[in-house]
Number of protein chains: 2
Amino acid sequence: MNRLYVSEDLDADLPLTLGKEHAHYLATVMRAKAGDQVLLFNGRDGEWRGKLEAVGKSAVTVELEAQTRPQAAEPDLWLLAAPIKKERIDLVAEKAAELGASALWPVFTRRTVMSRVNTERLGAHMVEAAEQCERLTVPAVMEPADLDKALAGWDGGRALLFLDESGGGAPLAQVLAELPAGPLAVLVGPEGGFAPEERVLLSTLPFARPVGLGPRILRAETAAIAALAIVQAVRGDWARAPRS
Amino acid sequence: MNRLYVSEDLDADLPLTLGKEHAHYLATVMRAKAGDQVLLFNGRDGEWRGKLEAVGKSAVTVELEAQTRPQAAEPDLWLLAAPIKKERIDLVAEKAAELGASALWPVFTRRTVMSRVNTERLGAHMVEAAEQCERLTVPAVMEPADLDKALAGWDGGRALLFLDESGGGAPLAQVLAELPAGPLAVLVGPEGGFAPEERVLLSTLPFARPVGLGPRILRAETAAIAALAIVQAVRGDWARAPRS
């Protein structure tokens, strides 16, 4: 069954018409027909099963039949990632969505080679991954910022674990075991790692802690994916099973 | 400094000549010159620093100067993975090497769509990843086999955790906490998951346990990468730092 992220409100009493983009996907790509069922979610109203009523190339009308899952709380886990080349940052976005990150924030560090990042493309990857992996939300893509500025405006109630490829931090699993419950963020640098002055700045911030990811030097995207998986497994929502 | 995996013995008293493939890489791709230093490892003799003596297009001679790291024990962690499409299985191979898997074993399951797998290409990806991530070994690529046969010849001393996308298993972190020390293997199915009869077979095997990876349905490659990271973080070698 097709599963789509939509912006419209989902409520059995409201008529639902999906616009051009979804109509193209359903009618042309998936060759859906009137009577076919779909699953819909919008990040607010849980997941709904709907029946396609009229399928056109520019609009599709849907009759919502039943809510299949209620909206539920999700881990508050941000990923701050220095932009890296296209294939690798796209992978990070896709996997961040699968692994349940709540937001992706591209941050420019001293050694970041990329001078810009296409947040629209990253968002599209995350929508697709969210649709496939059955989440009820899509991670937010935050406005790219310089790391210094992101840190200057930081809410100290959110712990920031920065993946320290220099080996300066305690092992991630150990830090997670010691960390009080609360909002969390993981920060991964670019391929060249953090600059010494960034390391110094981070060490002065009470909310930030360096963490280690073992004896091998991980590529930036591997570090990001590994860290998100470990956070979810150790203190995230991985005690739950699919559709439980 | 270039870091290369070689097959030759590494010993200060032995003359070392690298053949065509490495010569091409060093001379043509990296434009290395006599006098340049390299790091070399072969999976047996630790890591050595060498100085290039003569750089030709078909051979390079190296003077080994010093052993920079001794060979050390590594986690005995296999990844059994059903072949998936090229980009995704290549990614699994690369990340398995970065995350310290000791072997990659392609296994054909009932729902595996791919009918063959290029082990040479997977091996090349793992060599490149091993060179970059500073490990002292390259994971073995085992002869592809049907899952049934792999299980029939299984050494019961190695625990097998199969990533059960149906939600039938306890969370991976919980299973790892209960598992006695010893050799381990992680088994990931293809995009379609395991067939019911495979699940039944696995449930009868005393060495096999289903494990869960949380509430979202992970793609096969994400499940493989996440599981390896969690195993290493929770009971592998991630208490160590790079070059420690």
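**Q** What exactly am I supposed to notice about the overall build of chain A here?
**A** Across its full length, chain A holds seven helices and 13 strands. Taken over the C-alpha atoms alone, chain A extends approximately 60 × 35 × 30 Å along its principal axes. The buried share of chain A, taken over its 244 residues, is 42%.

**Q** Looking at this structure, I do not really get the packing of helix α7 (residues 220-235) of chain A against helix α7 (residues 220-235) of chain B. What am I missing?
**A** Geometry of a packed helix pair, given as the angle between the helix axes and the separation of the axes. Where α7 of chain A contacts α7 of chain B, the two axes come as close as 8 Å, and the packing angle between them is 70°. Considered as vectors, α7 of chain A and α7 of chain B are oriented roughly perpendicular to each other. By crossing handedness, the relation of α7 of chain A to α7 of chain B is classed as right-handed. Judged by residue contacts, I225, A226, A229, I230 and A233 of chain A of α7 of chain A engage I225, A226, A229, I230 and A233 of chain B from α7 of chain B.

**Q** Any chance you could explain the interface of chain B and chain A here in plain terms?
**A** Interfaces are often sized by the amount of accessible area the parts lose when they come together. Between chain B and chain A, the contact holds 34 residues from the first and 34 residues from the second. Of all the secondary-structure elements, those providing two or more residues to the side of chain B that touches chain A are α2 (86-98), α5 (172-178) and α7 of chain B. The residue inventory of the side of chain B that touches chain A, partitioned by class, reads 19 nonpolar, seven polar and eight charged.

**Q** How do you make sense of the relation of the copies chain B and chain A when you look at a structure like this?
**A** A rotation about an axis combined with a shift along that same axis relates the two copies of the chain. Under the fitted operation, chain B is carried onto chain A by 0.0 Å of movement along the axis and a turn of 180°, and the coordinates agree to an RMSD of 0.0 Å. Here the copies are linked by what is in effect a two-fold axis.

**Q** Honestly, the sheet that holds strand β4 (residues 47-55) of chain A in this entry has me stumped. Any pointers?
**A** The strands making up a sheet are joined through hydrogen bonds of the backbone, oriented either antiparallel or parallel. All names here are of chain A. One open sheet accounts for five strands, arranged β1-β3-β4-β5-β2; its pairing is mixed. Edge strands, defined here as strands with exactly one partner in the open sheet, are β1 (2-5) and β2 (16-18). Strand-to-strand twist across the sheet, computed as the mean angle between neighbouring axes with direction ignored, equals 40°. Both strand β3 (residues 37-41) and β4 contribute to a ladder of five bridges, which runs antiparallel. Residue pairing across strands places L40 opposite W48, the latter belonging to β4. Across the face of the sheet, helix α1 (residues 20-29) comes into contact with β1, β2, β4 and β5 (60-69) while running at roughly 90° to β5.

**Q** Looking at this structure, how should I read α7 of chain A?
**A** Given 3.6 residues per helical turn, the α-helix brings residues three or four places apart onto the same face. Relative to the 22 Å expected for 16 residues at 1.5 Å per residue, α7 of chain A spans 22 Å between its end C-alpha atoms, a close match to the ideal helical length. When you tally the buried positions in α7 of chain A, you get 14 out of 16 residues, the bulk of the element.

**Q** Quick question: what am I supposed to make of the pairing of strand β4 (residues 47-55) of chain B here?
**A** Side-chain positions along a regular strand alternate between the two faces of the sheet. Connecting strand β3 (residues 37-41) of chain B to the next strand, β4 of chain B, in antiparallel fashion are five residues, including G43 of chain B with a positive phi near 85°. Counting the residues in the hairpin turn of β4 of chain B and strand β5 (residues 60-69) of chain B gives four residues.

**Q** Where do I start with unusual backbone geometry in this structure?
**A** Most peptide bonds adopt trans geometry, and most residues besides glycine take a negative phi value. The residue R31 of chain A is not glycine, and still its phi comes out positive at about 50°. With respect to the element layout, R31 of chain A can be found in the loop between α1 and β3. In the Ramachandran plot, E134 of chain B falls in the positive-phi region, its phi being about 75° despite a non-glycine side chain. Checked against the element boundaries, E134 of chain B lands in the loop between α3 (119-133) and β8 (140-141).

**Q** Would you mind showing me how to read the domain arrangement of chain A here?
**A** All names here are of chain A. Structurally, chain A comprises domain 1 (2-69) and domain 2 (77-235). One C-alpha centre belongs to domain 1, the other to domain 2; they are set 33 Å apart. Residue-level contacts link eight residues of domain 1 with six residues of domain 2. Considering only residue class, the side of domain 1 that touches domain 2 consists of three nonpolar, two polar and three charged.

**Q** What is the right way to read the confidence of the model for chain A from this model?
**A** Low pLDDT means the predicted coordinates in that region are not meant to be read closely. Residue-level pLDDT values for chain A average 96, and 100% of them are 70 or greater. Note on the complex model: pTM 0.96, ipTM 0.96.

**Q** So what exactly am I meant to see when it comes to the environment of A73 of chain A here?
**A** All names here are of chain A. Mapped onto the elements of the fold, A73 is located in the loop between β5 and β6 (77-81). Take A73: there are 6 C-beta atoms within 10 Å of it, and that puts it in the exposed class. In the structure, A73 is positioned 164 residues away from D237 in sequence and 9.8 Å away in space, judged by C-alpha atoms.

Cut-offs applied
- Residues numbered from 1 in each chain as written.
- Chains lettered and ligands numbered in written order.
- Predicted model: local features only at pLDDT ≥ 70, side-chain atom pairs only at ≥ 80, totals over all residues.
- Helix = DSSP H or I, 4+ residues; strand = E, 2+ residues; numbered from the N terminus.
- Buried ≥ 20, exposed ≤ 12 C-beta atoms within 10 Å, placed from the backbone.
- Axes fitted to C-alpha atoms, helices over the stretch in contact; angles between N-to-C directions.
- Parallel < 35°, antiparallel > 145°, perpendicular 65-115°, else oblique.
- Left-handed = near helix turned anticlockwise from the far one by under 90°.
- Contact = placed C-beta atoms within 7 Å.
- Nonpolar A, V, L, I, M, F, W, Y, C, P; charged D, E, K, R; others polar.
- Least-squares fit on C-alpha atoms with pLDDT ≥ 70 in both.
- Pairing = 2+ DSSP bridges.
- Expected span 1.5 Å × (residues − 1).
- Domains from an automatic or database assignment.
- pLDDT = per-residue confidence, 0-100.

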